[in-house]
Amino acid sequence: MKESKRDFITGAEVVIKACRDAGADIMYGYPITPTCEILSGWINEGYASLQTEDEIAAGFGVCGAVLAGQKAFTASSGPGHILLQDAFAMAEGMRLPFVMIVGQRGGPSSGTVIYSQQEVMLSCFGGNGEGMRFVYSPSSLNELYSLTRLAFNDAWKYRFPAVLLTDGYMLKTTGVIEWEKIKDVENSPTFTRLSDGANVHWPNIYTAEEELYEEVMVMNKDYKKAASKVAKAEEYLTKDAKILLVAHGIVAASAKEAIVELRKKGVKVGLFRPTTLRPFSKKQFDKAASNKSVKKILVAESSLGQLARIVHDEMDPEICKPFAYLQKPALGIEIEDIYNFVLKNNK
Amino acid sequence: MRYKILLAGDGGQGIQLMADIISKTVFQADLYITSVSNYGLEQRGGASLNYLQISDKPIGYPKFRKPDLLIVMSKQGRQRTEQNQLPGVETLNFEYYNGILEKENIKSQSLNVLFIGILAKILKEKKICNEKEIFVLLEKRLGKKTNWEENKRAFEIGYSK
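Treat the numbers as computed from the prediction; the structure is a model and nothing was measured. (Residues numbered from 1 in each chain as written. Chains lettered and ligands numbered in written order. Predicted model: local features only at pLDDT ≥ 70, side-chain atom pairs only at ≥ 80, totals over all residues. Heavy atoms only, no water.)

Asker: Hey, could you go over empty space enclosed by the protein for me, with residue numbers and the actual values?
Answerer: Residue and element names in this part refer to chain A. A complete count under the given rule lists 1 cavity of 30 Å³ or more for this structure. Its boundaries defined by the atoms lining it, the largest cavity holds a volume of some 30 Å³. Contributing to the lining of the largest cavity are Q104, Q117, S137, P138, L165, T166, D167, H248, G249 and I250. Put simply, the parts of the chain that give the lining of the largest cavity at least two residues each are strand 7 (162-167) and helix 9 (249-264). Across the lining of the largest cavity, the residue classes tally to 3 nonpolar, 6 polar and 1 charged. (1 Å grid on protein atoms, 1.4 Å probe; cavity = no way out; pocket = protein on both sides within 12 Å on 5 of 7 lines; lining within 4 Å. Points joined across faces, edges and corners; volume = space filled by probe spheres on them. Helix = DSSP H or I, 4+ residues; strand = E, 2+ residues; numbered from the N terminus. Nonpolar A, V, L, I, M, F, W, Y, C, P; charged D, E, K, R; others polar.)

This is how it looks when you write it as structure tokens:
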């Protein structure tokens, strides 16, 4: 970590420091806004890198480096992220610790270049598998650092691929990071290297359906076991909340500030913020949502229901609470938006 | 304390330079600041914005709807910030300040530096930071470039407004 107590740096610079501190050896990537500064910054620092011809090559580059025992990662966005899902799914199938930093931009397709929250489903379930990956959604620069470190550690510890799901606002914001508030962690060791000349069959394709079935079921067992340790969420003023607001990433930062103002007005509102979207912290959410004081659940996000879909899928079906949604695909959700939305739903 | 400034103009007018100088000075003053740029695909000519927030407490969300101060540096900047032009927002318009530069025989390219001068005055009055520290950073960035004398005068004019 840094020697200074605080720095004034961009989100992209925070990511670079975190990847380096996590022990990352090499970055493979193809530039795309808003993650260009991660690639260019990493290269400018003189760290090992390979700018490939496209994101498909970058993704398989990461897989190859990981197989060779290196801590490798990539960063991308929108259409680049779509291409990376090919290699990411292979990492899922082969149990490779693959770390991908995603800076969400507007979609579909090339969309806009700065901001959105429309890559939630792609991050969580983008491959032709069962979504056995970890997806972290930081809400501040401090957390951008700590969750990047955690993504590397969890990926290498449990051998599942991990997405650090950010957006262009977070990566392009220059802000104050306070190192004293961030707990330093030990890095997970890298994968055991294959010795030169070793002949190991490490398949991503199976001949018999039964064989793959067995493999997926083992993977599922391992994923469930890991999920109980990996799934995390933050609750903010939920104990007496009449309204439970659910938001992730930078929208949750906006929600927190709105809650401070709403509480001053006597509105009993609290926040449930999944810091991992996959695995989702189901038990903790069910407990918060089933709290007797909660009369309504509001989901706020910069997409048309990608977070809400996860919440509904994960929530205990016996919890019967009315829902309302604030959905602004590709648009930032400002403090005033959440403030007014909560007031409207507090009647 | 929370002070929100929205800078709006065209790419190439030096909006991001303004934000960079102000935010670095505020950071040195041990306060919290966020600066988030917003522009399209164009390198030049498109709208360019920067949302600056200054606080004595950590700042969560970097964007805002209602600034305390809106600096409009071009017609496109005005168009792009229609939703931010709300009652109670102090707005500084480029037409008036371009007129001042013209009277002083200073090129309109120094408009951003004039606004840095105005910001230096405002931030000093609010006891956020000192104008001298802003000027030091400005000189470091522009001192060796062409038109420094004009820029220096533009800063002084802005500071005196």
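Moving on, there is more to tell.
Asker: Report on the domain arrangement of chain A, specifying residues and quantitative values.
Answerer: How big an interface is tends to be reported as the loss of accessible area on association of its parts. All names here are of chain A. Partitioning chain A into structural domains gives domain 1 (6-190 + 202-230) and domain 2 (233-344). Centre-to-centre separation of domain 1 and domain 2, based on C-alpha positions: 25 Å. Facing the 28 residues of domain 1 at the interface are 23 residues of domain 2. With both chains or domains summed, domain 1 and domain 2 bury close to 2,100 Å², and 57% of this area falls on carbon and sulfur atoms. (Domains from an automatic or database assignment. Contact = heavy atoms within 4.5 Å. Buried area = accessible area lost by both parts, 1.4 Å probe.)

Asker: Could you give an account of the pattern of salt bridges, naming the residues involved and the relevant values?
Answerer: All names here are of chain B. Here the structure, examined in full by the defined rule, presents 22 salt bridges over all chains. For the salt bridge of D20 with K24, the shortest nitrogen-to-oxygen distance reads 3.2 Å. Note that D20 and K24 are positioned in helix 1 (residues 15-28) at a spacing of 4 residues, about one turn of the helix. A salt bridge links E104 to R153; the shortest N-O distance between them is 3.9 Å. Here R153 lies in helix 6 (residues 148-160) and E104 lies in the loop between helix 3 (94-103) and helix 4 (111-125), a separation of 49 residues in the sequence. Here R153 falls in the partly exposed class, since its relative accessible area comes to 34%. (Salt bridge = Lys/Arg side-chain N within 4 Å of Asp/Glu carboxyl O. Buried < 20%, exposed > 50% of the residue type's maximum accessible area, 1.4 Å probe, protein only.)

Asker: Would you mind going over the side chain of R6(A) in detail, with residue names and values included?
Answerer: Its place among the elements puts R6(A) in strand 1 (residues 6-10). Overall, the relative accessible area of 15% leaves R6(A) in the buried class. At 3.3 Å, the side chain of R6(A) and the backbone oxygen of F27(B) are in polar contact. Separated by 3.3 Å, the side chains of R6(A) and D30(B) make a polar contact. Setting aside its immediate chain neighbours within four residues, R6(A) contacts V176(A), I177(A), E178(A), W179(A), F27(B), D30(B), L31(B) and Y32(B). (Polar contact = N/O pair within 3.5 Å; in protein donor to acceptor, adjacent residues only side chain to side chain.)

Asker: Lay out the packing of aromatic side chains in plain terms, naming residues and giving numbers.
Answerer: Residues and elements named next belong to chain A. Tallied over the entire structure, the rule returns 22 aromatic pairs over all chains. Through pairs of rings, three or more aromatic residues link up here, namely W42, Y47, F73, F152 and W156. Between the NZ or CZ atom of K71 and the centre of the ring of W156, over which it lies, the distance is 5.6 Å. (Phe/Tyr/Trp six-rings, centres within 6.5 Å; stacked < 30°, edge-to-face > 60°. Lys NZ or Arg CZ within 6 Å of the ring centre and 35° of its normal.)

Asker: Summarise the environment of K24(B); cite the residues concerned and give the values.
Answerer: A residue is classified by how much of its surface remains accessible, and K24(B), at 36% relative accessible area, is partly exposed. Put simply, K24(B) and L137(B) are 113 residues apart on the chain and 8.4 Å apart in space, counted from C-alpha to C-alpha.

Asker: Give a detailed account of the pairing of strand 3 (residues 47-55) of chain B, specifying residues and quantitative values.
Answerer: Residue and element names in this part refer to chain B. Extensive coverage of strand 3 is indicated by the burial of 9 of its 9 residues. Side-chain alternation along strand 3 places A47, L49, Y51, Q53 and S55 on one buried face and S48, N50, L52 and I54 on a second face that is also buried. Across 9 bridges, strand 1 (residues 2-10) lies against strand 3 in antiparallel orientation. Bridge pairing links D10 to A47 in strand 3. (Pairing = 2+ DSSP bridges.)

Asker: So, the environment of Y97(B): which residues are in play, and what are the values?
Answerer: Residue and element names in this part refer to chain B. Checked against the element boundaries, Y97 lands in helix 3. C-alpha separation for the pair Y97 and L111, spaced 14 residues apart in sequence, amounts to 7.4 Å. The contact partners of Y97, leaving out residues within four places of it in the chain, are L92, L111, L114, F115 and I118.

Asker: Summarise a positive patch on the surface; cite the residues concerned and give the values.
Answerer: All names here are of chain A. There is a patch of like positive charges on the surface, built from K157, K221, K225, K229 and K232. With respect to the element layout, K229 can be found in helix 8 (residues 209-230). Its relative accessible area of 58% is what places K229 among the exposed residues. (Patch = residues over 30% accessible without salt bridge, like charges linked within 9 Å, V, L, I, M, F, W, Y side chains within 5 Å. Areas by Shrake-Rupley, 256 points an atom, 1.4 Å probe, with all protein chains shown as cover. Lys, Arg positive; Asp, Glu negative; His and termini not counted. Charge placed at Lys NZ, Arg CZ, Asp CG, Glu CD.)

Asker: Could you give an account of the nonpolar core, with specific residues and numbers?
Answerer: Residue and element names in this part refer to chain A. Ranked by internal contacts, the top residues of the largest apolar core, which has 113 residues, are I38 and F73. Broken down by element, the residue count for this core peaks at 9 residues, all from helix 6 (residues 141-158). Residue contributions to this core reach at least three from each of two domains, namely domain 1 (6-190 + 202-230) and domain 2 (233-344). Sequence-distant contacts of I38, defined by excluding residues within four places in its chain, comprise A12, V15, I16, M27, F73, A75, I101 and L171. (Core = buried A, V, L, I, M, F, W, Y, C linked by side-chain atoms within 4.5 Å.)

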